[in-house]
Amino acid sequence: MHYTNRLRRTCGVSLTAGLMIAGLAHATTPNATEPAAQVGHLTVIGTPLQPLPADDATPVLNIDQAEIKATGLKSVGEILQRLTIAGSAPNATFNFNSTGETNVDLRNLGSQRVLVLVNGRRWVTGLDGNVDLNTIPLAMIDHIEIYKGGHAARFGSGAITGVINLVTRKNFSGAEANAYYGEYIEGSHRDGRTQSYSFTLGASTDRANVVLNASYFDREPIFGGDRAISSLPRFGTGTTRGSSTTPQGRFIIHDPNTGDRLDLTVKQGQPGTNPGDFRPFNTLTDRYNFAPVNYLLTPSERSGLYVQGLYQIAPEVVFHADAVFNRRKSEQRDGPSEIGIGANTAFPLSIAASNPYNPFGYDLTATGPSPTLLLLTRQVTETGPRFFNENVDTYQFSGGFSGTFGAAANAIGWDVSYLYNHNEMGVLAQNLLNVARIRNALGPADRCGPGSMHPDCVPLNLFGGQYHGGTITPAMLDYITYTGQRQVNSSLHDYTARVGGPIVNLPAGPLAFTVGYEHRAERGQDMPDPISAAGNSFGDFESPAAGGFDVGAEFASLSVPLLADLPGAQQLAVSLEARHARFDTFGSVDADRAGLRWRPSEDWLVRAHWSKDFRAPTIREMFGGSGIGAPMLTDPCSNYRAAGAAAAACAAAGVPSGYTQQPAQQVRTVSGANPDLNPETSTSRGIGFVFAPTWLDTLQISVDYWKIEVDDAITQLDPQQILNGCYVGGVAGYCAQIDRAASGVITSIDNRMTNAGNVLTSGFDTDVAYTFPATGWGRFGLDWRTTWLREFKETLTHYSTSGAQPIVTRRAGQEFGRIGGFPRVRSNLDLNWHLGTWSADLLVRYISDMSETCSDSFDGTPLSFTSLGLCSYPNMSDQSLSRNKLGATAYFDVRVGYDFKAIDTTLSFGIRNLFDRQPPVSMTASGSFEHTIYPVPGRFPYVSVEARF
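Please read these numbers as outputs of a predicted model, since none were measured by experiment.

A.B. asks: Pulling in residues and values, what's your account of the overall build of the protein?
C.D. replies: Secondary structure assignment for the protein yields 12 helices and 45 strands. Rg of the C-alpha trace for the protein: 30 Å, near the compact-globule value of 30 Å for 949 residues, within the 12% margin. Along the longest, intermediate and shortest principal axes, the C-alpha atoms of the protein span 100 × 60 × 60 Å. Per-residue burial for the protein yields a buried fraction of 57% across its 949 residues. The contacts in the protein between residues at least 6 apart in sequence include a share of 72% that link residues at least 24 apart. With an accessible surface of roughly 36000 Å², the protein has 58% of that area assigned to carbon and sulfur atoms. Averaging the locations of the 73 positively and 88 negatively charged side chains of the protein gives two centres separated by 1 Å.

Next comes the structure, spelled out in structure tokens:
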């Protein structure tokens, strides 16, 4: 492909540049410092602008190498997802609707609203605007800066909840090798083996520095059946919440001879060749348990190469460049392919009487005024599981020049740079089913077989189940299965120029400015395989998509010192920032920011900030085409005559009074892009203080209040929310998104992107850091961070009609299954100890309790969550109001290290989840526990070696 050639050229240029710089640095100076790392008020490697005096009006969280190593994790994404300010985001435990990425979410507002930078420059994103944090080599990270709150005025689109800037090692000379090995232990079972290796080489002279890093990571999978909590579709319910699409098949037929409605499955041991081989389908005991074959922890393999360097061309001019290449191979695993046809489905395929395997002797028709085939479902276990393999290549190159002009005391800094990054993903989907070929194989004799319209066709037997090794033969599978191939790529070109420095010296300090211009062009496309694009794949439809946008922006900032060295005002300063951006897709948008920094005394700092920010729609949100999913949903109209709340709305929608429940809980859902989307806007506010007493100089306490409100939020609604909004909330627009068959069965839900409403969240962050005085027992320290989620309110108004109230959902302290969990309190305590060559860390992570609904379509039956005793707060009179509590949980991780000074090597041993704490059981989350908050069950011992040369 042409991208492969471009990749080779780019990597070749990058490596050549690295070798040239290495040549300049061949005379290595031990312990050399980085030449010209800072120039004026600009930084070569680090944040885009040297922090101005008032910039700490915004809280900045710094994570250094010691804290990174203490976690015992080898992924940037996993480290960030453990932060107390983090929300729910995809990670290694996401097996469904995943591409193997690890993202980060701040403030529970979504990973698409976080801006990720490396050395102050945008990192590679996919079509959805998310960054796969595992593409960044952990061994190259010096520290991580997290700028809390909105920063679109400084950094541009996407910086609504915060900015994460990963700063690489700048002054490294010598060589360093790292090796890591660990695995999960659950009882006597060992799995999830993880290993990681990296090698870093650096060289410096008085004018140049170059650093090269090579890394490798490999993680093996864990299956759902390997843990008790995830071995069933819902913990404690047997197979009752399994799929009604079973290996034996389910056949809902209207018999044209008797007029009876039959709901059948094949009898045990019978071939399914005549009507007597079938019995009534039992919706409680005949369901299929798909959980054991799915991944609980997905496998992944990564290798990468990173090179960065700088060269001082002249005393006032520095050239800087870096290049990255990362390759990832990852995999998700789903249950066997499913066939779902009939009048009550999105695929109204019929089975001719002349099909040699039709046991009923008459046409099973799915169309027309009187269909006889209402529903036929079958798990095609003969294929084995479905596999989705990703091969992802990520690379980035950036380069530029920085310098100063003017007198040293009032030097003005300047910087011009170019950034190019590209992400290319190929997905191989195995054991998929071709609907068009299934139609042929089920059709009359003149459509299938030698001498017919399709001579290569093999008639398909869906009626005999699995009792004789499976009635779908290899020849049948060869005809109806296929391997899908999908190509997704995205690219970015970014040109930036800026200048900044002091304008004039005021009595309280220098008045400083920054002005600049940025032009960014983003492009991307998603090309699914032709069968899927044509809609001929069960549950795997994806239309082709391509698009992009250009944006030009001017930005400026001003730092104004107001008072200094006065009683009650040792320092008082404000900062002002603004950005005006013009997108060729929707027009112009502005961002503004103001900060206040007041130090009344040496011990106290008071800070406050306000910002107006924006996020432009991503390529996928605007141009991403359509796709089909099959989430597990609860139909509010199940047994609605007895349900009460939804009765009127269900009847008005034409749902028959005898409708009992959705035959298959996995409902076809159409999602997709919307080219008419507008940008999101947000308002971020914060105020807080820092107490750092001079009489106890190792103590620092900070408390900050934050509040973020997002308007015109771009979202793809939860399909369950659409169902509840229609039948319980009475929102007519939601009802228009739901398609039902005449029998009442949901055939499809339209769930496309929209500017849906408003999200408001607020809370408090606290941080206590203290290093105790040294003793004969060593030196002890602690860092205790806590986030309290005060409020999280989502208001959906987009489809509200006259007389309909907006739908308000309050999420703080609750678990919402597919959306994730919103604990009110998350707290991390790091206790560290050093004594000579020994060191140790004890990390305690606390997650407060959450509440969730404890209700589904089995309410009112002996097998409901309430009747089975699975609800913490049952409501026997109205089981739809039952609730479940996910108790407060604390995890303990420990690490011990020893430095072998003679060989400059550090050996570390640790155990994550030391006390084998099990996650609280959830009745709504996939796998029966919240993957984005709680780790995979089991202890994880590991060993790590770091050698320096």
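A.B. asks: Lay out the sheet that holds strand S3 (residues 60-64) in plain terms, naming residues and giving numbers.
C.D. replies: The strand order across the open sheet built from five strands is S3-S6-S7-S4-S5, with neighbouring strands paired in mixed fashion. Each of the sheet's edge strands pairs with one partner strand only, and the pair in question is S3 and strand S5 (121-122). Bridge count between strand S4 (residues 114-118) and strand S7 (residues 162-168): five bridges; the pairing is parallel. Looking at S7, one finds that Leu115 is bridged to Val163.

A.B. asks: Tell me what's going on with the pairing of strand S33 (residues 746-752), and back it up with residues and numbers.
C.D. replies: Where a strand is regular, its side chains alternate between the two sheet faces. Burial analysis of S33 places five of its seven residues in the buried class, the great majority of the element. As defined by bridge partners, strand S29 (residues 669-672) adjoins S33 across four bridges and the pair is classed as parallel. In the sheet register, Ser671 faces S33, and the bridge partner there is Asn751. Here strand S32 (residues 738-740) pairs with S33 via three bridges, running antiparallel. By the bridge assignment, Arg740 is partnered in S33 with Ile746. From the end of S32 to the start of S33, which pair antiparallel, there are five residues, and Gly744 there has a positive phi angle of about 105°.

A.B. asks: Describe the packing of aromatic side chains, and please don't skip the residues or the numbers.
C.D. replies: Two measures describe an aromatic ring pair: the distance that separates the ring centres and the angle between the ring planes. Under the criterion given, the structure shown has 25 aromatic pairs. Measuring from ring centre to ring centre gives 5.6 Å for Trp604 and Phe689, while their planes differ by 50°; the resulting arrangement is tilted. Residue Trp604 is located in strand S27 (residues 604-615), and its partner Phe689 is located in strand S30 (residues 680-691); the two are separated by 85 residues in the primary sequence. The exposure class assigned to Trp604 is partly exposed, which follows from its relative accessible area of 35%. Exposure remark for Phe689: the relative accessible area of 29% places this residue in the partly exposed category.

A.B. asks: An account of helix H5 (residues 435-442) is needed here, citing residue identities and associated values.
C.D. replies: Along H5, the residues that are buried comprise Val435, Ile438, Asn440, Ala441 and Leu442. On the buried face of H5, the contacting elements are strand S18 (338-341), strand S21 (412-433) and helix H6 (474-480). Between the side-chain oxygen of the N-cap and the backbone nitrogen of Ala436 there are 3.0 Å, and the N-cap of H5 in question is Asn434.

A.B. asks: Account for the nonpolar core, with residues named and values stated.
C.D. replies: A general tendency of soluble globular proteins is for nonpolar side chains to be buried together. Ile339, Ile341, Leu376, Ile438 and Leu460 are the most contacted members of the largest nonpolar core, which has 32 residues in total. Contributions of two or more residues to this core are made by strand S12 (250-254), strand S13 (261-266), S18, strand S19 (373-379), H5 and H6. Setting aside its immediate chain neighbours within four residues, Ile438 contacts Ile339, Leu349, Leu433, Leu460, Ile480 and Phe538. Counting 31 residues, the second-largest nonpolar core is a separate cluster that includes Ile68, Leu133, Ile141 and Tyr306.

A.B. asks: Kindly report on the pattern of salt bridges, identifying the contributing residues and their values.
C.D. replies: Under the definition given, this model contains 42 salt bridges. In this structure, Lys69 and Glu946 form a salt bridge, with 3.1 Å as the shortest nitrogen-oxygen distance. Taken together, the residues Lys69 in helix H2 (residues 65-70) and Glu946 in strand S45 (residues 940-948) connect sequence positions 877 residues apart. When the shortest N-O distance is used, the salt bridge between Arg107 and Asp765 registers 2.6 Å. Here Arg107, found in the loop between helix H3 (76-81) and S4, pairs with Asp765, found in strand S34 (residues 754-771); they are 658 residues apart in sequence, far enough to count as distant.

A.B. asks: Describe in detail the sheet that holds S13, supporting the description with residues and values.
C.D. replies: Note on sheets: strands pair through backbone hydrogen bonds, and any given pair is parallel or antiparallel. With respect to topology, five strands assemble into an open sheet ordered S14-S13-S12-S19-S18, the strand pairing being antiparallel. With partners counted over all chains shown, the strands left at the sheet margins are strand S14 (278-280) and S18, one partner each. Averaged over all pairs of adjacent strands, the angle between their axes in this sheet comes to 25°, without regard to strand direction. Sheet topology note: the S12/S19 ladder contains four bridges and is antiparallel. Within S19, the residue paired with Ile252 across the bridge is Leu375.

About the cut-offs
In this convention, every chain numbers its residues from 1, walking through the sequence in written order. Since the coordinates come from a predicted model, pLDDT governs what is reported: local features require at least 70, and pairs of side-chain atoms require 80 or more to be given and counted, while whole-chain, interface and lining totals use all residues. Just so you know, side-chain values use all the structure's heavy atoms and leave hydrogens and water out. Each helix corresponds to a stretch of at least 4 residues labelled H or I by DSSP, and each strand to a stretch of at least 2 residues labelled E; elements are numbered beginning at the N terminus. Here the globule rule reads 2.2 Å times residues to the power 0.38, and the radius of gyration is calculated from C-alpha atoms. Accessible area is worked out with a 1.4 Å probe on protein chains only. A residue is then buried under 20% of its type maximum, exposed over 50%, and partly exposed in between. Between two residues, a contact is recorded if the distance between any of their heavy atoms is within 4.5 Å. For accessible areas, the Shrake-Rupley method is used with a probe of radius 1.4 Å. Any residue's cover is judged against the shown protein chains and nothing else. Asp and Glu count as negative and Lys and Arg as positive, but His and the ends of the chain are not part of the count. Where a charge lies is defined by one atom per residue type, namely NZ (Lys), CZ (Arg), CG (Asp) and CD (Glu). Paired strands, as defined in this entry, are two strands with at least two bridges between them according to DSSP. Pairing of aromatic rings covers Phe, Tyr and Trp, the last counted by its six-membered ring, and requires centre-to-centre distances within 6.5 Å; plane angles under 30 degrees mean stacked, over 60 mean edge-to-face, and any other angle means tilted. Under this definition, polar contacts are N or O atom pairs within 3.5 Å; protein pairs additionally need one hydrogen-donor-capable and one acceptor-capable atom, and for neighbouring residues in sequence, both atoms have to be side-chain atoms. To form a nonpolar core, buried Ala, Val, Leu, Ile, Met, Phe, Trp, Tyr and Cys residues must be joined to one another through side-chain atoms within 4.5 Å. Each salt bridge in this description consists of a side-chain nitrogen of Lys or Arg and a carboxyl oxygen of Asp or Glu lying within 4 Å of one another. Throughout, an axis means a line fitted to C-alpha atoms (over the contacting stretch in the case of helices), and angles, computed between N-to-C directions, take values from 0 to 180 degrees.

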